Amino acid sequence: MWEHIDKTKYDIKNFVLKILTRIGYPTSAIIIDEKFSQSGGKFFRPNSILDMLTLTLNQQRNEVVINEHSFLLTDFQKEIWDAMDTNKLMGISAPTSAGKSFVLLLKIISRLVSDELDIVYIVPTLSLLNQVTEDYNKMLKTLSITNCKIVNSFIPNSKADSSTIYVLTQEKALSVFSNEEPVFSKKLILIADEIQNIERIQHSTDLRAKILYDTLIEFRQKDNIEQVIISGPRIDDIDNLGQKIFGKATLELRTPVSPVLNLTYSIKKEKEKYYLKQYCTQRFGAFSKEITNTTYIAGYGKKRYTDEYMGYLKTLIENIGSGDQNIIFAPTSNTAKDIAIAISNENTESKGPLEDLINYYADTINPNYAMCTTLQSGVGYHHGKLPMHVRRTLEKAISEKKIRNVVCTTTLMQGVNMPAQNVIVRNPHLYIKKLSDSAELSSYEMANLRGRAGRLLKDFVGRTFVLDESGFEGLEEYDQMDLFEDTTLEIPAGYGEKYEEFKEAIHDAIENNRFVDFDMQKYGYLVSYIRQTVLRYGDSAKEKMNQVGIILSKEQVAAIIYKLNAINVPKDVCYKNRYWDPLVLNTIYNELNIKKLPNIPIERGAKARLDDMLKFLRDNESTNSMYTRYIPELYRDGRGRSALCRACMDWSCEKPLSEILSGDKYIGDDATEKIDDTIDLLQKYVSFNVPLLLKPIFDMFNPESVFLLCMQTGAYKPFTRRMIEIGIPRETAIFLNSHLFSKSDIQDVNEIENEIRTVISKNYDSLPYWIQVQLDFMV
């Protein structure tokens, strides 16, 4: 009604406001009150005194106050707020736009006002890390809370009268537990968002799901946790999941209802005719209407993204509401870039309102970077390969509605808040050319994707457009009856299912003292897990493994202990490298012969020693499987490995990305592809895979070296490195170091951080806007 009624003829504010309040969504009244943001948090005054009293009473029951600031919640949000007063372990299951993250934010900050504790907030992606960090920072400023610090890496908080909010990816959180000294020792609240990512724990190649699960198991062992909250979209039996992970009764809070109604439209070809179908949860079956003008429909039933299909997509986008923001789903990162280029207007003379951002990308990456072209037409693309400073600034430009069309990959489904009224999907394929292991969007993932349409407290309706319904036919998870319904997910917790499937092979490998190799690709990670757990916990390992679904007898555990007693690699090295087989680590310890490992990347001979380490890991029978896992075929031998080593040195020696991406290689028709390939090499392999591969060697033979830390961060100077560790993107940290800190000689880590925060706060107003955007969380 609100979207389609002629508001010049009919004033239905009172009616809509009463209905929203009665069904438990008083907050959505913001949508109908254009003066709300200017009215000090108060809605318009109803015409009737009785209506005003009724609305006031209904709203008061959903109102909460923090530091004299009032917030109005939905019924579901208020239920979460109240439950957090009395329950230690909670599981929250709700659609994407139900507002669960916002009420968690409010309640957590209200606890910080009255209690001295730390918060650990675990998120799956860097984009979500940025968003959560910014959300908490804004609210702390709004509520004038100054005794709290937000960080993106572990920094021990020794001050009794202050709190720290640790916003961490699962990788960073788990790495903290590799230290022998106590960590997260203050009273603690733990939040694990997007908990559905644990579902892929049974997949042998999905390390991130295992890291998330193992991180939560580590927190289970701590006795100073005041409260644990796990949350995710539409998860079945989330209380059972909490019970399995943490071993305690879990309160389940769930709602199937979203404040935003999703309408899904699809194009369906039937007997040479095309139909427009509308799916809605309020209707059984789809509404269907024949399309009489099929001129623009191209590429239907195909997988390739041809020029004809791009024209079809572009025409649709141009004819959707002119003021709407659109999210276009792409199966791969390269396709996302190609779509963005294809739907951009050609020969744009002016760079428009994004000129400063375009120039910033040209200066810090390369003028031939594809985003510099697409942004001229208000089109951006978002995927996991974006440099961090691009990711931060792009997401800010999207939230400010400076970008109308955003082409995204599956990063969109990880809780990132991108405002858009419309989501456009071609089909469920996550590939262009189908291979034996090609993946599809599951019905659950498709429901999550559709949940991104419509902005909470901005829209009543969000729309999804499926351009090729035939792509869903023949897939086991989809059928016509519930093709676009809001599917729920049941999540397995633990390793039990995969252990039972390969139990005989696992026991055989352990009994015969075989190290993990290629033959164990489907279950080798469980062999490593069992040995690591027994090494760490000894006789009590049986109980620890029972918690995750691995059942061994006392005699089996005793036999493993006996065999592990024969290895001579230090146990602390094994603890720090939990996904390595201890037998393989023992081989490295006994057989690697390198005279001296580099301390820092600018050291003479560092590149040659890096090459020697990679050669050893490639050529040793016991380590080759790990080498192959972490290093792609293109970079394993000869010139490829030489290029990898050179990239490692350039990156860790703090060479700016713009300099790395300079030269003839990045000019010409394939410049954008070469730029993206190099960025992917640096961010995925140089700063992540290679350090993981080399970490055991440095833990064994030079644990004090910062060489790998320099490679992970992309910097060797203390101030630059510390800024990156705090959460400042690499390119921005290099810029700030050269402009603000180049003359400082402070060495102490804590003093460096204090100096960074002080100097940035002092100079913030004089910095360029797109630099400021990346530093908001610090001032």
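Rules used throughout
Going along each chain's sequence as written, the residues are numbered from 1 onward. Totals for whole chains, interfaces and linings use every residue, but because this is a predicted model, local features are given only for residues with pLDDT of at least 70 and side-chain atom pairs only at 80 or more, for both listing and counting. As a rule here, side-chain values cover all heavy atoms of the structure and leave hydrogens and water aside. At least two bridges found by DSSP between two strands is the condition for calling them paired. A helix here means a DSSP run of H or I that spans at least four residues, while a strand means a run of E at least two residues long, and both kinds are numbered starting from the N terminus. Axes here refer to lines fitted to C-alpha atoms; in helices the fit is confined to the stretch in contact. Angles between the N-to-C directions go from 0 to 180 degrees. Contacts are assigned to residue pairs that have any heavy atoms within 4.5 Å of one another. Just to be clear on terms, a salt bridge is a Lys or Arg side-chain nitrogen sitting within 4 Å of an Asp or Glu carboxyl oxygen. Partly exposed residues are those whose accessible area sits between 20% and 50% of the maximum for their type, while under 20% is buried and over 50% is exposed, using a 1.4 Å probe and protein chains only. Grid spacing is 1 Å over the protein atoms alone, the probe is 1.4 Å, and a cavity is where that probe fits but cannot get out, while a pocket is an open set with protein on both sides within 12 Å along at least five of seven lines and lining residues have an atom within 4 Å of a point. Grid points are joined across faces, edges and corners, and a volume is the space filled by probe spheres set on the points. Three categories are distinguished: nonpolar for Ala, Val, Leu, Ile, Met, Phe, Trp, Tyr, Cys and Pro, charged for Asp, Glu, Lys and Arg, and polar for the others, with Gly belonging to the last. Patch members must show over 30% relative accessible area and no salt bridge, and they are joined within 9 Å when carrying like charges or within 5 Å when they are nonpolar side chains of Val, Leu, Ile, Met, Phe, Trp or Tyr. Computed by Shrake-Rupley with a 1.4 Å probe, the accessible areas treat only the displayed protein chains as cover when residues are assessed. Any angle that is under 35 degrees is reported as roughly parallel, and any over 145 degrees as roughly antiparallel; angles of 65 to 115 degrees are reported as roughly perpendicular and all others as oblique. Note on ring pairs: Phe, Tyr and Trp rings are taken, using the six-membered ring of Trp, and paired if centres are within 6.5 Å. Classes follow the plane angle, with under 30 degrees stacked, over 60 edge-to-face and the rest tilted. Charge over a ring is defined by NZ of Lys or CZ of Arg lying within 6 Å of the ring centre and within 35 degrees of the ring normal. Grouping buried Ala, Val, Leu, Ile, Met, Phe, Trp, Tyr and Cys residues that are joined through side-chain atoms within 4.5 Å yields what is termed a nonpolar core. The positive count covers Lys and Arg only, the negative count covers Asp and Glu only, and His and the chain ends enter neither. For charged residues, the charge sits on one atom: NZ in Lys, CZ in Arg, CG in Asp, CD in Glu. For every residue, the pLDDT score states the predictor's confidence, bounded by 0 at the bottom and 100 at the top. A clockwise turn of the near helix away from the far one marks a right-handed crossing, whereas an anticlockwise turn of less than a right angle marks a left-handed crossing. Our working definition of a disulfide is a cysteine sulfur pair at a distance within 2.5 Å.

**Q** So, the sheet that holds strand β17 (residues 422–425): which residues are in play, and what are the values?
**A** Hydrogen bonding along the main chain pairs the strands of a sheet, whether they run parallel or antiparallel. The mixed open sheet is built from eight strands, whose spatial order is β13-β12-β11-β18-β17-β14-β16-β15. Looking at strand neighbours, the two that pair on one side only are β13 (287–290) and β15 (379–382), the edges of this open sheet. On average, each strand axis in the sheet is tilted by 20° relative to the strand beside it, whichever way the strands run. Pairing of β15 with strand β16 (residues 405–408) involves four bridges; the strand directions are parallel. When the sheet's bridge partners are listed, Tyr381 is paired in β16 with Val407. Along the sheet, helix α10 (residues 333–343) makes contact with β14 (326–329), β15 and β16, crossing β15 at roughly 175°.

**Q** Give a description of the pattern of salt bridges that names residues and reports values.
**A** Close approach of charged atoms allows side chains of opposite charge to pair. Tallied over the full model, the rule gives 37 salt bridges. Here Lys396 makes a salt bridge to Glu134, at a shortest N to O gap of 3.5 Å. In this pair, Lys396 sits in helix α13 (residues 388–399) while Glu134 sits in helix α5 (residues 126–142), placing the two residues 262 residues apart along the sequence. Taking the shortest distance from any N to any O, the salt bridge between Asp680 and Lys385 comes out at 3.9 Å. Of this pair, Asp680 sits in helix α26 (residues 671–701) while Lys385 sits in the loop between β15 and α13; the two residues are 295 residues apart in sequence, bridging distant segments of the chain. Accessibility expressed as a relative area gives 17% for Asp680, which makes it buried. Assessed through its relative accessible area of 26%, Lys385 is described here as partly exposed.

**Q** Tell me what's going on with empty space enclosed by the protein, and back it up with residues and numbers.
**A** Per the stated rule, a full pass over the model turns up four cavities of 30 Å³ or more. When its volume is computed, the largest cavity comes out at roughly 240 Å³. Every residue lining the largest cavity is counted, 15 residues in all, and those nearest its centre are Glu218, Tyr529, Thr533, Tyr537 and Arg578. Of all elements in the fold, only α7 (207–220), α17 (524–537) and α18 (541–547) reach the threshold of two or more residues within the lining of the largest cavity. The biggest single contributor to the lining of the largest cavity is α17, with seven residues. Looking at side-chain class alone, the lining of the largest cavity contains five nonpolar, five polar and five charged residues.

**Q** So what's going on with a nonpolar patch on the surface? Residues and values would help.
**A** A cluster of nonpolar residues, Met1, Phe15, Ile19 and Ile23, forms a patch on the protein surface that exposes about 420 Å² of accessible area. As for its position among the elements, Ile19 is in helix α1 (residues 13–22). The exposure class assigned to Ile19 is partly exposed, which follows from its relative accessible area of 35%.

**Q** How would you explain the packing of helix α11 (residues 355–364) against α13 if you had to name every residue and give the values?
**A** The geometry of α11 relative to α13 is characterised by a closest axis approach of 12 Å and an angle of 175° between their N-to-C directions. With respect to α13, the axis of α11 lies roughly antiparallel. Of the residues in α13, those touching α11 at Leu357, Tyr360, Tyr361 and Thr364 are His389, Val390, Thr393, Leu394 and Ala397. Taken together, the residues that form the contact of α11 with α13 break down as six nonpolar, three polar and no charged.

**Q** Please set out the sheet that holds strand β3 (residues 89–93) residue by residue, giving values where relevant.
**A** On the basis of which strands lie adjacent, the open sheet formed by seven strands has the order β5-β6-β4-β7-β8-β3-β10 and parallel pairing. For this open sheet the edge positions go to β5 (148–151) and β10 (251–254), each flanked by a neighbour on one side alone. Averaged over all pairs of adjacent strands, the angle between their axes in this sheet comes to 15°, without regard to strand direction. Pairing between β3 and β10: four bridges, direction parallel. Along β10, the bridge assignment pairs Ser93 with Arg254. Packing against the sheet, helix α4 (residues 100–114) makes contact with β3, β4 (118–123), β5, β6 (163–169), β7 (188–192) and β8 (225–232), and its axis sits at approximately 170° to β8. Sitting on the sheet, α5 is in contact with β4, β5, β6 and β7, with an inclination near 160° to β6.

**Q** Could you give me a rundown of the packing of aromatic side chains, with the residues and numbers involved?
**A** Summed over the entire model, instances satisfying the criterion amount to 22 aromatic pairs. Seen from their ring centres, Tyr213 and Tyr495 are 5.4 Å apart, and the 85° between their planes marks the pair as edge-to-face. With Tyr213 in helix α7 and Tyr495 in the loop between β19 (489–490) and α15 (496–501), the pair connects residues that are 282 residues apart, well separated along the chain. Side by side, Tyr213 and Tyr495 carry an identical accessibility label, which is buried. Here a set of aromatic residues connected by ring pairs shows up, and it is made of Phe154, Tyr166, Phe177, Phe184 and Phe219. For Lys210, the ring lying beneath its charged end belongs to Tyr525, and the centroid distance is 4.3 Å. The ring of Trp651 has Arg730 lying over it, and the distance from NZ or CZ to the ring centre is 3.8 Å.

**Q** So what's going on with the nonpolar core? Which residues, and what values?
**A** With 203 residues, the main nonpolar core has Phe184, Leu216, Tyr361, Tyr369, Ile550 and Leu694 as its most contacted residues. If sequence neighbours within four positions are ignored, Leu216 has contacts with Ile122, Leu190, Ala192, Ile195, Ile198, Ile245 and Phe246. If you look at the next biggest cluster of nonpolar residues, it comprises 40 residues, including Ala83, Leu104, Leu105 and Cys148.

**Q** Quick rundown of a negative patch on the surface? Include the residues and the values.
**A** Taken together, Asp338, Asp669, Asp670, Glu673 and Asp677 make up a surface patch of like negative charges. Relative to the helices and strands, Asp677 resides in helix α26. Exposure remark for Asp677: the relative accessible area of 37% places this residue in the partly exposed category.

**Q** Describe the environment of Glu171, naming the residues involved and giving the relevant values.
**A** When you line up the elements, Glu171 lands in helix α6 (residues 170–176). We classify Glu171 as buried; its relative accessible area is 16%. As a C-alpha pair, Glu171 and Leu207 span 36 residues in sequence and 9.9 Å in three-dimensional space. With residues up to four places along the chain from it excluded, the contact list for Glu171 reads Arg208, Ile211 and Phe688.

**Q** Tell me about the confidence of the model for the protein chain, residues and numbers included.
**A** Per-residue confidence for the protein chain gives a mean pLDDT of 88; residues scoring 70 or more make up 94%. Per-residue pLDDT, averaged within each element of the protein chain, yields its smallest value for helix α2 (residues 49–60) (66) and its largest for helix α25 (residues 657–660) (97).

**Q** Please set out the environment of Met700 residue by residue, giving values where relevant.
**A** Tracing the chain through its elements places Met700 in helix α26. What makes Met700 buried here is its relative accessible area of 11%. Once the C-alpha coordinates of Met700 and Ser114 are considered, the two residues, 586 residues apart in sequence, prove to be 45 Å apart.

**Q** An account of the packing of α5 against α13 is requested, with residue identities and associated values reported.
**A** It is at 10 Å that the axes of α5 and α13 come closest, and there the two elements cross at 55°. What the angle tells us is that α5 and α13 run oblique. The two elements α5 and α13 meet at a crossing, and its hand is right-handed. Within the contact between the two elements, α5 uses Leu126, Ser127, Asn130, Glu134 and Lys138 and α13 uses Met388, Arg391, Arg392, Glu395 and Lys396. Here the contact of α5 with α13 is composed, by residue class, of two nonpolar, two polar and six charged.

**Q** Go over the state of the cysteines, please, and point to the residues and values.
**A** Within this structure, the stated rule accounts for zero disulfides. Here Cys408 stays free of any disulfide, with the sulfur of Cys372 as its closest cysteine sulfur at 18 Å. Cys645 carries a free sulfur, and the closest cysteine sulfur to it, the one in Cys648, is 6.1 Å from it.

**Q** Before we move on, can you summarise the pairing of β3 with the specific residues and values?
**A** Here β3 lies mainly inside the structure; five of its five residues are buried. Burial of β3 is two-sided: the residues Leu89, Gly91 and Ser93 facing one way and the residues Met90 and Ile92 facing the other way are all buried. As judged from the five bridges shared by β3 and β8, these two strands associate in the parallel manner. Of the residues in β8, the one forming a bridge with Ile92 is Ser231.

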